[in-house]
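Descriptive analysis of the structure
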Amino acid sequence: MAAPDPQQAADPAAVKRHPALFRAIRKRQNPRLRRTDITVTDDAAVKRAVKAASLGNAMEWFDFGIYSYLAVTIGHVFFPSGNDTTQLLSSFATFAVAFLVRPLGGMFFGPMGDKVGRKKVLALTMILMAVGTFAIGLIPSHDTIGVWAAVLLIFFRMLQGFSTGGEYGGASTFIAEYAPDKRRGFFGSFLEFGTLAGYVGAAGLVTALYALLDDAQMEAWGWRIPFLVAGPLGLVGLYLRLKLDETPAFQKLEGGTAHASEAADGVEATTKGDLAKIFRQYWPTLILCICLVGAYNITDYMLLSYMPTYLSDELGYSETHGLLILLAVMVFLMLIISQVGKLSDRFGRKPLLMTGMLGFLFLSLPAFLLIRVDGILPITIGMLMLGLSLVCMLGTMSAALPALFPTNVRYGSLSVGYNLSASIFGGTTPLVITALISWTGSNLMPAYYAMAAALIGVIAVACMKETARKPLIGSPPSVETDEEAAELVQAQAPDPKF
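Everything numeric in this text was worked out from a predicted model, so none of it was measured.

For the rest of this paragraph, the subject is the nonpolar core. By size, the foremost hydrophobic cluster in this structure holds 117 residues, and its most contacted members are Met330, Met383 and Leu401. The element best represented in this core is helix α18 (residues 283-314), accounting for 16 residues. Sequence-distant contacts of leucine 401, that is, excluding residues within four places in its chain, are made with Tyr168, Cys289, Leu292, Val293, Leu414 and Tyr418.

Assignment of secondary structure puts alanine 45 in helix α4 (residues 43-69). Overall, the relative accessible area of 4% leaves alanine 45 in the buried class. A C-alpha to C-alpha distance of 8.3 Å links alanine 45 and tyrosine 178, two positions 133 residues apart in sequence.

Okay, the confidence of the model for the chain next. Here the chain averages 81 in pLDDT, and 84% of its residues register 70 or above. Segment residues 1-8 is flagged for pLDDT under 50; beyond a separation of four residues in sequence, or across chains, it makes 12 contacts in the model. This model gives residues 248-253 a pLDDT under 50, and the stretch forms 20 contacts once residues within four places in sequence are excluded.

So, on to the environment of leucine 138. Within the secondary structure layout, leucine 138 lies in the loop between α8 (118-136) and α9 (142-145). Residues leucine 138 and isoleucine 225, spaced 87 residues apart in sequence, show a C-alpha to C-alpha distance of 9.8 Å. Ignoring any residue separated from it by four or fewer positions in sequence, one finds leucine 138 in contact with Arg224 and Leu228.

With 27 residues, α4 extends 37 Å between its outermost C-alpha atoms, agreeing within 8% with the 39 Å of an ideal straight helix rising 1.5 Å per residue. The element α4 is largely enclosed, with a buried count of 21 among its 27 residues.

Scoring rules and cut-offs
Residues numbered from 1 in each chain as written. Predicted model: local features only at pLDDT ≥ 70, side-chain atom pairs only at ≥ 80, totals over all residues. Heavy atoms only, no water. Core = buried A, V, L, I, M, F, W, Y, C linked by side-chain atoms within 4.5 Å. Buried < 20%, exposed > 50% of the residue type's maximum accessible area, 1.4 Å probe, protein only. Helix = DSSP H or I, 4+ residues; strand = E, 2+ residues; numbered from the N terminus. Contact = heavy atoms within 4.5 Å. pLDDT = per-residue confidence, 0-100. Expected span 1.5 Å × (residues − 1).

See the structure below:
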């Protein structure tokens, strides 16, 4: 938190009597920047950090995405109740279970990142996710071991969720602290590019399996293939994470020497793991973060995770039909997401986030009315309307969220806030929507749910401060060239007096 203004804290009469003293106090609390205070980034080092974080993130979300796209088949394999709705609800309840432990993962991995290093934590989350996903592919069916099949499925889903709890906070903080202030949105957008790439890989593989195998083959053994692929993919992701340079700030804390680049020299140590301090001192910002992430996650999981199931289970399309359309939409979003990041650097985080929230508020109902119309064109247009609204948030959120918190609590606060919100709102989205449709009989419930989430998001965006093109709270300015650094220092110099 920023230091209080001495003139606001002191007696106004005292300020009048001793103006020079209070000027000196202000200067001491807010000293002018020196050239050595300003970080000049190394473009190659920034790109290496972004690539490693984003590719690792893609591996994680491939593992997480395949469960979403196989939800109907998994319901048949592990929950053979004979009732399709009950099977689907059971499958999505197991999907939601992984999110219940995500806050625990965030509280565990956030402080650990400051004790043993970011690189080791990001590698550990990759190992746990790969093990959990690979193990799901080996679980015998309900017909073989009965209720223990569902128990093992829930256990390994919880392992997946625990590992994911340490992913977003660490990766987004890492990129945000490396990137120059004026391009944080552009570089941050590649983290969500990785998320989309993971989902595209998962959807592509599942679509191919549905096209090549019949229902009996899918339920017998075909559903296992995407989960088993996670093993070798996890090794690839682990290699990428281990190749990532450790944060030089952490090396300095350990008494070592930084060998990366000048870009990394400006990265500061983050949270000390004091969770009580986060909840006690930063609860207003934490609530703002939870509201932003809640609105973003509900709309995100509704489109990227739930939509294929909605098209097949509620509207009667084949699994392949829904996945192919979603696949095309996600590829399109991947092509434009970095441009959205650039727009957020130019016009600000708030205008882009507000555009996305208002898009879901006003376009969700028309989009779902189009999706209900028989034909590929209206379904594609409806999903593109939702996708364009979502990409305004996808391309902006990974730069906006880390900037909410000061450097000394950023990793822990973001991990806690993001995962609490994802646990309460994100993972429960398919379950809640399926239950609402079953309860009301209306297959427009996804639209109403997204509109309610977007309304909360609009209020949250209105309450947040603009952070584009500004230094992170608690960090010195970060620029791309020595000339920019010199201009910053010169801008602070007092006008000469004659």
